[in-house]
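Here's the letter readout for the chains.
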Amino acid sequence: MFAAKTTISALLALWVAFRFNLDDPKWAVLTVFIVAQPQSGRVFAKGFYRIIGTLVGATVALVLVSLFAQERVLFLGCLALWTAACTFGSKCLRNFASYACVLSGYTAAIVGIPAALAPETAFYDAQARITEISLGILVAATISHLVLPERLAASLRATIAASTHQLVDGALALLAQRDVGGRFDRVAGQLIEIETQRASAVFEDGSIRERSDAVRRLGVAMLGVIDAARLLDQQRAEPPACIAAVPDVQPAMRKAAAAIELWRDGKLDAHGLRFSFARAGAALPLARDLGRDPIGTAADAVRSASAVGFLRNFFAAFAGFAQAHDAFLAPGPPALGQQRFVISNDLVGAAWAGVRAALAVVIASSFWILANWPDGPTAVVLATVVTARFATMDGGAPAAAKAVGLFVLLTVPSFVVVEVFLARSSGYAMFSLVIAPLLFVDSWFMAKPRLAPVGFAAALYFASVAGLQNRMAYDAVEFVNTSLAAIFAVALAALLLAIVAPDTPQAARRAFAKTMRGQFARIAWQSRIDDFEFATASIGALDRLCRLLPEDQAAQAVDTGLALLSAGTELIRVRDEKRLRRGDAATAGRIAGILAQRGEPMLDLAGRVSSEASLGCRADLLSNSIDVAAARAAQRDMYAFAAASLALERTCRRRPNGDSHGEAIHAA
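Each chain carries its own residue numbering, running from 1 in the direction its sequence is written. Only residues with pLDDT of at least 70 get local features here, since the model is predicted, and only at 80 or more are side-chain atom pairs given and counted; chain-wide, interface and lining totals rely on the full set of residues. Note: side-chain values were computed over all heavy atoms of the structure, leaving out hydrogens and water.

Draft legend 1. Molecular detail of the overall build of the protein chain. Assigned secondary structure in the protein chain consists of 26 helices and 0 strands. For 668 residues, the compact-globule formula gives about 26 Å, and the C-alpha radius of gyration of the protein chain, at 29 Å, lands near that figure. Along the first, second and third principal axes, the C-alpha atoms of the protein chain reach 95 × 50 × 40 Å. Whether two residues are in contact is decided by their heavy atoms: any pair within 4.5 Å suffices. A separation threshold of at least 6 residues defines the contact pool for the protein chain, and within that pool the share at least 24 residues apart is 79%. Entry remark: accessible area of the protein chain is about 28,100 Å², with carbon and sulfur atoms responsible for 61%. Of the charged side chains in the protein chain, 64 are positive and 55 negative, and the gap between their average positions amounts to 3 Å. Helix numbering and strand numbering both begin at the N terminus, where a helix is a DSSP run of H or I of at least 4 residues and a strand a DSSP run of E of at least 2. For the radius of gyration, the atom set is restricted to C-alpha positions; the globular benchmark scales as 2.2 Å times the number of residues to the power 0.38. Accessible areas in this description were obtained via Shrake-Rupley with a 1.4 Å probe; residue shielding takes into account the shown protein chains only. Note on charges: Lys and Arg go in the positive column, Asp and Glu in the negative column, and His and the chain ends are not counted at all. A charged residue contributes its charge at one atom only: NZ of Lys, CZ of Arg, CG of Asp or CD of Glu.

Draft legend 2. The nonpolar core, seen in detail. To form a nonpolar core, buried Ala, Val, Leu, Ile, Met, Phe, Trp, Tyr and Cys residues must be joined to one another through side-chain atoms within 4.5 Å. Residue burial is assigned from relative accessible area. The probe radius is 1.4 Å, only protein chains are included, and a residue is buried under 20% of its type maximum, exposed over 50%, and partly exposed in between. F314 and F318 are the most contacted members of the largest nonpolar core, which totals 110 residues. Excluding residues that lie within four positions of it along the chain, F318 makes contacts with L167, V168, A171, V225, I260, W263, L273 and F277. Among the nonpolar cores identified, the runner-up in size contains 103 residues, and A28, V102, V111 and V361 belong to it.

Draft legend 3. Broad picture of the confidence of the model for the protein chain. Residues with a pLDDT of 70 or more make up 90% of the protein chain, whose mean pLDDT is 82. Helix α1 (residues 2–19) holds the highest mean pLDDT among the elements of the protein chain, 93, whereas helix α13 (residues 287–291) holds the lowest, 60. Contacts for the low-pLDDT stretch residues 655–668, under 50 throughout, to residues beyond four places or in other chains number 33 contacts. The score called pLDDT rates the predictor's confidence residue by residue, from a low of 0 to a high of 100.

Draft legend 4. Geometry of the environment of H325. Among the structural elements, H325 can be located in helix α14 (residues 298–329). Sequence separation of H325 and R217 is 108 residues, and the distance between their C-alpha atoms is 8.9 Å. Residues within four places of H325 in sequence aside, it is in contact with T164, L218 and W263.

Draft legend 5. Broad picture of a nonpolar patch on the surface. Only residues above 30% relative accessible area that lack a salt bridge enter a patch, with like-charged residues linked at up to 9 Å and the nonpolar side chains Val, Leu, Ile, Met, Phe, Trp and Tyr linked at up to 5 Å. Throughout this description, the term salt bridge denotes a Lys or Arg side-chain nitrogen within 4 Å of a carboxyl oxygen of Asp or Glu. A cluster of nonpolar side chains, namely V348, W352, V355, L359 and I363, defines an oily patch on the protein surface of about 380 Å² accessible area. Inspection of the secondary structure puts V355 in helix α15 (residues 347–371). A relative accessible area of 34% places V355 in the partly exposed class.

Draft legend 6. Quick look at unusual backbone geometry. A positive phi angle is found at Q177, which is not glycine, with a value near 65 degrees. On the secondary structure map, Q177 appears in the loop between α7 (152–175) and α8 (183–201). With a phi close to 45 degrees, A501 is a non-glycine residue in the positive phi region. Mapped onto the elements of the fold, A501 is located in the loop between α20 (476–499) and α21 (505–524).

Draft legend 7. Representation of the side chain of E419. Locating E419 in the fold gives a position in helix α17 (residues 396–421). Although E419 is buried, it forms no salt bridge, and the closest oppositely charged side chain is R424 at an N-O distance of 8.1 Å. Not counting chain neighbours up to four residues away, the residues in contact with E419 comprise R424, Y474, D475, A476 and F479.

Draft legend 8. The arrangement of the pattern of salt bridges in detail. Across all of its chains, the model carries 6 salt bridges by this definition. In this structure, the salt-bridge partner of R264 is D265, at a minimum N-O distance of 3.4 Å. Classification of R264 by relative accessible area gives partly exposed; the value is 39%. Across the pair E570 and R573 runs a salt bridge, and its minimum N-O distance is 3.2 Å. In this pair, E570 and R573 both sit in helix α23 (residues 551–575), 3 residues apart, roughly one turn of the helix.

Draft legend 9. The state of the cysteines, seen in detail. Cysteine sulfur atoms that pair up within 2.5 Å are treated as a disulfide. By the definition in use, this model includes 0 disulfides. You can see C92 has no disulfide; the closest cysteine sulfur is in C101, sitting 8.5 Å from it. By relative accessible area, C92 is classed as buried at 15%.

Draft legend 10. Layout of the packing of α17 against α20. To get an axis, fit a line to the C-alpha atoms, keeping to the stretch in contact for a helix; angles then go from 0 to 180 degrees between the N-to-C directions. Where α17 contacts α20, the two axes come as close as 8 Å, and the packing angle between them is 170 degrees. It follows from the interaxial angle that α17 and α20 lie roughly antiparallel. When grouped by side-chain class, the residues that make up the contact of α17 with α20 number 18 nonpolar, 4 polar and 1 charged. Working definition: roughly parallel below 35 degrees, roughly antiparallel above 145 degrees, roughly perpendicular at 65 to 115 degrees, and oblique for all remaining angles. The classification used treats Ala, Val, Leu, Ile, Met, Phe, Trp, Tyr, Cys and Pro as nonpolar, Asp, Glu, Lys and Arg as charged, and all other residues, Gly among them, as polar.

Draft legend 11. Region of interest: the environment of F390. Within the secondary structure, F390 sits in helix α16 (residues 376–391). Taking the relative accessible area as the measure of exposure, F390 reaches 6% and is therefore buried. With 107 residues separating them along the chain, F390 and L497 place their C-alpha atoms 8.4 Å apart. Setting aside its immediate chain neighbours within four residues, F390 contacts G396, A399, A400 and L497.

Draft legend 12. Molecular detail of the packing of aromatic side chains. Working definition: rings of Phe, Tyr and Trp (its six-membered ring) pair if their centres are within 6.5 Å, and the pair is stacked with planes under 30 degrees apart, edge-to-face with planes over 60 apart, and tilted otherwise. In this structure the tally under the stated criterion is 18 aromatic pairs. Here the aromatic rings of F18 and Y428 are separated by 5.9 Å at their centres, their planes lie at 90 degrees, and the arrangement is edge-to-face. Of the two residues, F18 sits in helix α1 while Y428 sits in helix α18 (residues 427–446), which places them 410 residues apart along the sequence. Judged by relative accessible area, F18 falls into the buried class, the value being 12%. Pairwise contacts between aromatic rings join W263, F277, F314, F315, F318 and F321 into one cluster.

Draft legend 13. Representation of the packing of α7 against helix α11 (residues 249–264). Their axes nearest at 9 Å, the elements α7 and α11 cross at an angle of 160 degrees. Compared by their axis directions, α7 and α11 come out roughly antiparallel. Considering only the axes of α7 and α11, their crossing is left-handed. On α11, the residues that touch T164, V168, D169, A171, L172, L174 and L175 of α7 are M253, A256, A257, I260, E261, W263 and R264. Here the residues of the contact of α7 with α11 sort into 10 nonpolar, 1 polar and 3 charged. With the far helix as reference, a near helix turned anticlockwise by less than a right angle produces a left-handed crossing, and one turned clockwise produces a right-handed crossing.

Printed below as a string of structure tokens:
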């Protein structure tokens with residue numbers, strides 16, 4: 001269905017461009033393929049940002065033409081700098097805002113290079129590109145919205161419902177002391193998808209737009225449940241500190257599970273669930289009593305007490321999730337304040353992406369000028385487009401390498417279609433019958449996630465070499481030259497992506513480690529970062545890491561990345577208790593400072609310091625001279641330090657072969 005709708009959109013846009021005798025109709029077809037998405041909300045979002053990027057790029061192109069049209073070296077040099085800046089910016093943004101930024105870079109090349117060759121028509125060229133691109137967006141959005149639409153808002157709600165179902169099932173399995181079966185990790189993997197869908201669904205659905213912040217809060221609340229559940233699950237089967245061995249815990253867990261089932265079935269609201277959790281938690285033993293347990297070592301006593309604390313934290317986290325979920329489902333717009341989301345960026349990687357884009361312009365332009373190549377402008381434009389666009393894609397180098405082979409393979413069949421069949425067609429109906437099968441196959445590939453880059457590259461190639469015009473000019477020599485220019489451009493892009501700071505799994509690990517060290521440094525320096533900001537920045541960095549890792553390593557990366565996230569969240573919790581426990585706040589800052597340093601031994605050292613800090617809190621808790629408020633603060637800090645110690649211990653276990661000298665999966 002997606003392939004059929006995309007093919008119809010491309011043919012309709014081409015017919016309108018022919019009907020109104022637009023300057024270069026191929027850009028209308030290309031725009032349809034560029035903005036084509038299965039859900040209509042994504043088409044609206046991508047089309048909106050594409051118009052913005054096109055307007056900015058065309059404006060910059062006109063400025064460069066007006067200043068340097070007679071000095072091609074200065075013009076191409078400034079164009080290279082602009083493309084580099086836009087590519088850098090695109091790596092620092094997310095979703096379709098990133099796309100708009102990179103688009104404004106290569107649009108300047110698309111508009112500017114032909115305009116610089118004929119400055120007297122520069123304004124008309126820019127106007128024509130904007131008109132053709134707007135036509136493609138309008139047609140694609142209309143067809144996507146009216147013809148058997150697949151609503152992104154519905155997909156977002158379905159994803160949230162599936163994640164909620166997994167989360168509830170995992171919580172019930174955890175409280176019943178059963179194996180959770182990776183349910184929480186699957187929910188963690190869906191959180192980024194929820195945020196991505198939300199960013200586009202706001203263009204399509206007014207109710208989602210009203211609940212945009214509620215969706216974000218719901219995602220972070222889910223993350224809080226996952227964090228608490230993972231700590232509790234780690235305590236489930238670790239004698240002598242396992243949760244099942246603590247007295248009076250089983251009845252509380254059964255009461256909590258019954259309350260969750262009532263909430264799941266709609267028989268209890270979030271406030272009632274919180275009250276039920278409070279009643280279940282009232283029967284739990286106190287940390288001071290468990291801390292005096294003479295059986296086992298002091299560390300065992302801390303772990304037993306912490307297991308109860310983790311259960312209380314799980315109750316609180318799930319109650320917060322239920323409240324966020326009910327707010328999202330409420331009939332009216334939820335009265336929620338704004339939450340600040342932090343985007344973690346790899347500035348070094350973004351800078352290298354900008355360098356690659358600039359080199360593509362410089363190398364292709366130099367070859368064009370030195371060889372006086374007639375198709376040099378086409379090669380420069382395509383090299384700029386491919387290098388900048390693939391720089392924003394995960395695994396851009398392999399995709400570009402595949403595109404080289406694809407372009408070579410498509411040369412002969414495309415030549416036959418264009419120079420034989422199209423040359424013998426008469427009228428638009430016959431013209432459409434000839435090109436429709438190719439457009440449909442390209443669209444069908446784009447509907448498959450693994451084949452999407454191949455389908456897009458094939459559509460880009462065919463539209464470029466076919467020269468779709470109202471009055472077609474069939475020239476076999478020109479076709480071959482354009483094909484060579486396209487192959488040269490993609491080969492140059494593949495070469496640059498492969499040798500200039502390539503996006504390898506090792507580079508992704510280093511970037512993730514650097515990001516996490518920076519986040520822990522912010523905690524250590526007592527800067528204004530709360531657990532919400534830390535969570536969003538860490539999950540974004542973990543998402544980028546997992547997209548570049550093989551599937552088997554990605555699963556391990558999720559586990560260790562969430563463990564580091566848990567440790568950082570607990571340290572922030574202790575840091576914010578400095579009014580009552582200034583010494584613990586300083587210790588939390590010290591641990592975060594250790595984790596902000598390079599070297600694997602820092603991970604072990606931070607774990608040991610966390611464990612010692614939890615023992616110190618236990619000693620204070622057992623003191624008879626401590627008042628109630630200080631005892632509660634000491635109890636909370638003991639839980640937090642114990643949780644951080646367990647989380648860091650979990651990352652150590654993920655080292656290959658259990659060797660403490662091996663490379664940690666998360667590259668800390």
